[in-house]
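Chains, contacts and geometry: an overview
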Amino acid sequence: MNNLKNLRGTIDLLPDQLIKWQNVEKILLEQLARASIKEIRTPILEMTELFIRGIGEGTDVVSKEMYTFLDRGERSCTLRPEGTASVARALIQNGLSSNLQKLWYMGPMFRYERPQAGRQRQFHQLGVEFIGYDSVRSDVEIIALAWDILGKLGIKELNLEINTLGDLNDRLNFQKSFLEWLEINKNSLDLDSQNRITKNPLRILDSKNIQTQKALENAPRLFNFLSEESHKRYSDLKKNLEVLKIPYVENFNLVRGLDYYTHTAFEITSGALGSQATVCGGGRYDDLIKQMGGPNTPAIGFAIGLERLILLAGKELEIPRNTDIYIINQGLIAESLAMDLSRKLRNYDLLVELDLSGASFSKQFKKANKLKSKSVIVIGDDEAVNGEFIIRLFDRSVNENEEEVISFGNDINLEKWINNNLLIKRCS
Ligand code: HAM
């Protein structure tokens, strides 16, 4: 039989790697709670139609990248490629879409892309969506939140790019002139862009092809088709970012890969990442909820790619929490006592590891040392019979071990020890 392997573009996250993930996630959750944002969890599997209608048929995500299959009831299902459409659906379905909501979600997303560093087929996103918020201030808060989350994680070399896509009317006006220009200049575009003329012309603006970029310099600009109101919105956004001292660069070609965006679009890249430099992308999507059958509800949000975030986050987040107490034990009575003790100790905020190896004391000591345990409790049958533990406190600063025998009689009064910090005080 062939060796079984994971699918291309997916990875196993192993215990040592997960230390960093968990440390990063902890900081993320703290930041979100501090900003009073609530969690929402939607299914990973959805009806395919949700993404076709939500994200847009002409997008790369929908036309090329979705994991779509028929289930046993012949329903077309798709593993979610992103979270915004699902959140919109959940809110409409649960009658919550007209309430003001600040929401976040975190979890795996699936896109059939060509895997490379920072790009996977199963990847993870932290998404934030502000539902029902219309004011420019909500755009600013969303951008500031993303900026501050990345800053809190100590991520350097960040660049914020912003653009405005106007509203539907602005875009229709632009599209008319742009399409005329595209027809005339078709041959100066790369093949991919030529194919997009009928499917998703706006995305041509985002082309990375040098020849196409050069040609686009002479194309009509969406910016010149914005209504007065859209212009004001955009300039208010810039003013507010300046007040908050959040540096930005304007990129008129930033259109994002999903069809639902209106007005503000933004991306945050890091110079410390390779070619897949975008760590965060987002924008306003005022028409999505209505278009999906809900009430007219403005909204804005962003998503951060967690794999890229982990690549960027500092090495200090790779350090695990040390074991507080390692329980070394051997002998029948000692083992059951040790088990009892470990359960009791775990009621306190202590990281307790019970050695189950049955190996010699010296081997167990070595393991405790390797884990940099702050203290060890040693229980052999002699101690157990006498009703006492030996606590050894590792004081690494002076590199000298201190030992203490504690008698407990019939009553293991942990409260007394913990309150007096007897177990770990002198080694911290
Ligand atoms: P997106 O730009 O498609 O936006 O994805 C957001 C982020 O997810 C990207 O900037 C990137 O960091 C990460 N990402 C995307 N694809 C991959 C991949 N194949 N491998 C690793 N990371 C990836 C959205 O998904 C929108 N739903 C964001 C949003 C929320 N807009 C409004 N609300």
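Residues numbered from 1 in each chain as written. Predicted model: local features only at pLDDT ≥ 70, side-chain atom pairs only at ≥ 80, totals over all residues. Heavy atoms only, no water.

**Comments concerning the overall build of the chain**
For clarity, the threshold we go by: Only DSSP runs of H or I with at least four residues qualify as helices, and only runs of E with at least two residues qualify as strands; both kinds are numbered from the N terminus onward. Values of the radius of gyration come from C-alpha atoms, whereas the globule rule sets the reference at 2.2 Å times the count of residues to the power 0.38. For every residue, the accessible area (1.4 Å probe, protein chains only) is compared with the maximum for its type, and the residue is labelled buried under 20%, exposed over 50%, or partly exposed between those bounds.
On a plain count of helices and strands, the chain comes out with 15 helices and 16 strands. Taking 428 residues into account, the globule formula puts the C-alpha radius of gyration at 22 Å, and the chain, at 28 Å, lies well above it. Projected onto its principal axes, the C-alpha positions of the chain cover 95 × 60 × 45 Å. Across the 428 residues that make up the chain, the buried fraction comes to 50%.

**Notes on helix H2 (residues 48–55)**
Formally: Our arc is simply the arc of the directions from the helix axis toward the C-beta atoms. Contact criterion: two residues are considered in contact whenever any of their non-hydrogen atoms come within 4.5 Å of each other.
Turning to H2, its buried residues are Thr-48, Leu-50, Phe-51, Gly-54 and Ile-55. Across the axial projection of H2, the buried residues extend over an arc of 160°, all falling on one side. On the buried face of H2, the contacting elements are strand S2 (45–47), helix H3 (60–64), strand S3 (67–70), strand S4 (76–79), helix H4 (84–93) and helix H10 (288–291).

**Comments concerning the domain arrangement of the chain**
By a widespread convention, an interface's size corresponds to the accessible area lost as its parts come together. Going by this rule: The split into domains, and so the bounds of each, comes from an automatic or database assignment of domains.
Taken as a whole, the chain is organised into domain 1 (15–167 + 227–316) and domain 2 (321–427). The centre of domain 1, based on its C-alpha atoms, is set 47 Å off from the matching centre of domain 2.

**Remarks on the site of the ligand**
Short version of the rule: Proximity is defined per residue: if any heavy atom of the residue lies within 4 Å of a molecule or strand, that residue is considered near it. In protein, a polar contact requires one atom able to donate a hydrogen and another able to accept it; more generally it is a pair of N or O atoms within 3.5 Å, and residues adjacent in sequence count only if both atoms are side-chain atoms. Residue-level accessible areas treat just the shown protein chains as cover; the underlying method is Shrake-Rupley with a 1.4 Å probe. Three classes are used, and their members are as follows: Ala, Val, Leu, Ile, Met, Phe, Trp, Tyr, Cys and Pro are nonpolar, Asp, Glu, Lys and Arg are charged, and the others, Gly among them, are polar.
Glu-82, Glu-113, Gln-120, Glu-129 and Tyr-261 are the nearest of the 26 residues found near the ligand. Side-chain polar atom of Glu-129 to a nitrogen atom of the ligand: 2.8 Å apart, as the coordinates give it. Contact between the ligand and Tyr-260: a nitrogen atom at 3.0 Å from a side-chain N or O atom of the residue. If the ligand stood free it would expose 660 Å²; the protein chains cover 95% of that surface. For the shell around the ligand, the elements supplying multiple residues, two or more each, are strand S6 (122–131), strand S10 (278–284) and strand S11 (299–305). The residue inventory of the shell around the ligand, partitioned by class, reads nine nonpolar, ten polar and seven charged.

**Remarks on the nonpolar core**
As a reminder of what qualifies: Nine residue types can take part in a nonpolar core, namely buried Ala, Val, Leu, Ile, Met, Phe, Trp, Tyr and Cys, and a core is a set of them joined through side-chain atoms within 4.5 Å.
Val-128, Leu-160, Phe-266, Ile-268, Val-279, Phe-302 and Leu-309 are the most contacted members of the largest nonpolar core, which has 45 residues in total. Top element by residues in this core is helix H5 (residues 136–152). It accounts for ten residues. Counting residues in hydrophobic clusters, the runner-up holds 42 residues, among them Phe-51, Val-87, Leu-202 and Leu-205.

**Focus on the environment of Leu-356**
Counting through the fold element by element, Leu-356 comes out in the loop between strand S13 (352–354) and helix H13 (361–370). Along the primary structure Leu-356 and Glu-129 are separated by 227 residues, whereas in three dimensions their C-alpha atoms are 46 Å apart.

**What to know about the packing of aromatic side chains**
We count it as follows: Only centres within 6.5 Å qualify two rings of Phe, Tyr or Trp (six-membered ring in Trp) as a pair; their planes then separate them into stacked at under 30 degrees, edge-to-face at over 60, and tilted for everything else. Lysine NZ or arginine CZ positioned within 6 Å of the ring centre and within 35 degrees of the ring normal marks a charge as sitting over the ring.
Enumeration over the complete set of coordinates arrives at ten aromatic pairs. A centroid spacing of 5.6 Å and a plane angle of 50° characterise the contact between Phe-130 and Tyr-133, whose relative ring orientation is tilted. Considering the side-chain rings of Phe-223 and Phe-252, the 5.1 Å spacing of their centres and the 50° angle between planes classify their relative orientation as tilted. Remark: Phe-252 occurs in the loop between strand S8 (249–250) and strand S9 (262–270) and Phe-223 occurs in the loop between helix H8 (210–216) and helix H9 (228–243); sequence separation between them is 29 residues. Aromatic rings pair up to connect Phe-174, Phe-178, Trp-181 and Phe-225 into one cluster. Directly above the aromatic system of Tyr-112 lies the positively charged group of Arg-121, at a separation of 3.8 Å from the ring centroid.

**Thoughts on a nonpolar patch on the surface**
Rules: The patches reported here contain residues having more than 30% relative accessible area and no salt bridge. Joining distances are 9 Å for like charges and 5 Å for nonpolar side chains (Val, Leu, Ile, Met, Phe, Trp, Tyr). Here, a salt bridge means any side-chain nitrogen of Lys or Arg that lies within 4 Å of a carboxyl oxygen of Asp or Glu.
Together, Leu-332, Ile-333 and Val-385 make up a nonpolar patch on the protein surface, roughly 340 Å² of accessible area in all. Considering the arrangement of structural elements, one finds Val-385 in helix H14 (residues 381–386). Classification of Val-385 by relative accessible area gives exposed; the value is 60%.

**Regarding the sheet that holds S10**
Formally: When DSSP finds at least two bridges between two strands, those strands are taken to pair. Note on geometry: axes are C-alpha line fits, over the in-contact stretch for helices, and angles between N-to-C directions span 0 to 180 degrees.
What the eight strands build is an open sheet, ordered S1-S5-S6-S11-S10-S9-S7-S8; its pairing is mixed. Every interior strand has two partners, whereas the edge strands, strand S1 (38–39) and S8, have only one. Of the strands in this sheet, strand S5 (101–110) and S6 touch H4, which is tilted by about 130° from S5.

**Quick look at the sheet that holds S3**
Strand order in the open sheet made by the three strands is S2-S4-S3, with antiparallel pairing throughout. The open sheet terminates on both sides in strands that have one partner only, identified here as S2 and S3. The sheet shows a mean angle of 35° between the axes of neighbouring strands, taken without regard to direction. In this sheet, S4 lies alongside S2 in antiparallel orientation, the contact comprising three bridges. Bridging across to S4, Leu-45 finds its partner in Leu-79.

**Examining the pattern of salt bridges**
Considering all chains together, one arrives at 26 salt bridges under this definition. Between Asp-139 and Arg-233 there is a salt bridge, and its shortest N-O distance comes to 3.0 Å. With a gap of 94 residues between them, Asp-139 in helix H5 and Arg-233 in helix H9 connect regions that are remote in the sequence. Note on accessibility: Asp-139 and Arg-233 belong to one class, buried.

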